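What follows is each chain in one-letter form.
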Amino acid sequence: MSPDYFGYIYGAYFIASLIFCGVSLKVILSHYKLRKKLTQLEYENSKG
Amino acid sequence: MYFFGGLMSFLNFANPNRFTRFSRYAMPITAVIGLLCIVWAMYQVWFIIPDDYQQGSTIKIMFIHVPAAWLSLWVYMLIAVSAFGTLVWKHPLADVSAKAAVLFGAAFSAITLITGSLWGKPMWGAWWDWDARLTSMLILFLLYLGFMAVWHAVDDPILAGKINAILALVGIALIPFIILSVEYFNTIHQGKSVNPFGETKLSDQFLYPLLWMTAGVTSLFLSLHMLEMRNELMLRRIRRIQILRTNKR
């Protein structure tokens, strides 16, 4: 691998992973947050 | 006859409760398949394949740039089909599917633009050029941002879904334009290298890791898309409960 291109190649992989992992993490975290909120609301509803 | 039978069974299958039950099993399976494909593709990219005779080691950028570009187009097609489902069949899951896909479409088109720029600088000597392929890809990215803006700006999700469905069906003309832009315009971007209906210019040692990577990212996207759809269904349920509570008071 030519050292001249290291920055471009690693930069591309780093930014792509950052964006994809960021979006995935956002979706996974909001899943747990929403599930917790829904469970709490349904519990409160069942108690009247 | 078979087509309409299949379509009807698909429509019957895709109700929110059945979808939730189906996705509980489908999500982990597609996530594991996706991760395995990506790991296998990355092993080949970093340890097996040689440098390209013209582009040298920068060919490694292709294995993220091209799958991201394909996915950004396929996600748009998914949104367009969902838009059709929203407007024609008024399917309860259609606008949920469209909303869930938008964030991923924006992410894939952003990855395409950024990695393309990082590939373009050493190969073309320029980060950016206002030619047909690059500009149309930028418009696709802006279109995704537009969808997101509508979802955030309009409180009623049904109305927002309808507005976005119309926007998606109008914007579908952009997809063939992006695909054909390298054929009919004088562009800095290279021509089509992989053609399922004709000659593929890419050699097998580059083509197979590319296809593995695409399969992996697609599978992972399907898994995350199902999760985001479940999130949206939960969000709507939360809103419904909160409205019912407010009405009771």
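Here's a quick rundown of the structure. (Residues numbered from 1 in each chain as written. Chains lettered and ligands numbered in written order. Predicted model: local features only at pLDDT ≥ 70, side-chain atom pairs only at ≥ 80, totals over all residues. Heavy atoms only, no water.)

### Remarks on the packing of aromatic side chains
What the rule picks out here adds up to 16 aromatic pairs over all chains. Ring centres of Tyr8(A) and Trp127(B) lie 5.9 Å apart, and the angle between their planes is 50°; this geometry places the pair in the tilted category. In this pair, Tyr8(A) sits in helix α1 (residues 6-47) while Trp127(B) sits in the loop between α4 (94-124) and α5 (132-153), so the two residues belong to two different chains. A relative accessible area of 42% means that Trp127(B) is categorised as partly exposed. Both rings, one in Trp70(B) and one in Trp74(B), keep their centres 6.3 Å apart while their planes meet at 25°; by these two values the pair is stacked. (Phe/Tyr/Trp six-rings, centres within 6.5 Å; stacked < 30°, edge-to-face > 60°. Helix = DSSP H or I, 4+ residues; strand = E, 2+ residues; numbered from the N terminus. Buried < 20%, exposed > 50% of the residue type's maximum accessible area, 1.4 Å probe, protein only.)

### Considerations on the interface of chain A and chain B
Contacts between the two partners involve 28 residues from chain A and, on the opposite side, 37 residues from chain B. Where chain A touches chain B, the interface holds two salt bridges. Across the salt bridge formed by Glu44(A) and Arg245(B), the nearest N and O atoms sit 2.5 Å from each other. For the interface between chain A and chain B, the tally reads six residue pairs in polar contact (both at pLDDT 80 or more). In terms of residue class, the side of chain A that touches chain B is built from 17 nonpolar, six polar and five charged. (Contact = heavy atoms within 4.5 Å. Salt bridge = Lys/Arg side-chain N within 4 Å of Asp/Glu carboxyl O. Polar contact = N/O pair within 3.5 Å; in protein donor to acceptor, adjacent residues only side chain to side chain. Nonpolar A, V, L, I, M, F, W, Y, C, P; charged D, E, K, R; others polar.)

### Quick look at the environment of Ser181(B)
Residue and element names in this part refer to chain B. Locating Ser181 in the fold gives a position in helix α7 (residues 174-184). Exposure remark for Ser181: the relative accessible area of 0% places this residue in the buried category. Spatially, the C-alpha atom of Ser181 lies 9.0 Å from that of Gly191, the residues being 10 residues apart in sequence. Setting aside residues no more than four positions away along its own chain, Ser181 makes contact with Ala132, Arg133, Ser136 and Thr187. A polar side-chain atom of Ser181 sits 3.2 Å from a polar atom in the side chain of Arg133.

### Here's the deal with the nonpolar core
Grouped together as the largest cluster of nonpolar side chains are 73 residues, with contacts concentrated most on Ile79(B), Phe108(B) and Leu140(B). Looking at this core, the elements that each hand over two or more residues are α1 of chain A together with α2 (16-48), α3 (62-89), α4, α5, α6 (157-171), α7 and α8 (204-248) of chain B. At 15 residues, α4(B) tops the list of elements feeding residues into this core. Discounting chain neighbours no more than four positions away, the residues touching Ile79(B) are Ala98(B), Ala101(B), Val102(B), Tyr144(B), Phe147(B) and Ala168(B). (Core = buried A, V, L, I, M, F, W, Y, C linked by side-chain atoms within 4.5 Å.)

### Section: the environment of Leu73(B)
Residue and element names in this part refer to chain B. Among the secondary structure elements, Leu73 is positioned in helix α3. C-alpha of Leu73 to C-alpha of Ile178: the two residues are 105 residues apart in sequence and 8.8 Å apart in space. Here Leu73 is in contact with Leu140, Ile175, Ile178 and Ile179, once residues within four sequence places are set aside.

### Topic: the packing of α4(B) against α8(B)
Residues and elements named next belong to chain B. Where α4 meets α8, the axes come as close as 8 Å, and the angle between the chain directions of the two elements is 130°. One finds that α4 runs oblique with respect to α8. As α4 packs across α8, the resulting crossing turns out to be right-handed. Facing Asp95, Val96, Ser97, Lys99, Ala100, Ala101, Phe104 and Phe108 of α4, the residues of α8 in contact are Val217, Phe221, Leu224, His225, Glu228, Met229, Glu232, Leu233, Leu235 and Arg236. When grouped by side-chain class, the residues that make up the contact of α4 with α8 number 11 nonpolar, two polar and five charged. (Axes fitted to C-alpha atoms, helices over the stretch in contact; angles between N-to-C directions. Parallel < 35°, antiparallel > 145°, perpendicular 65-115°, else oblique. Left-handed = near helix turned anticlockwise from the far one by under 90°.)

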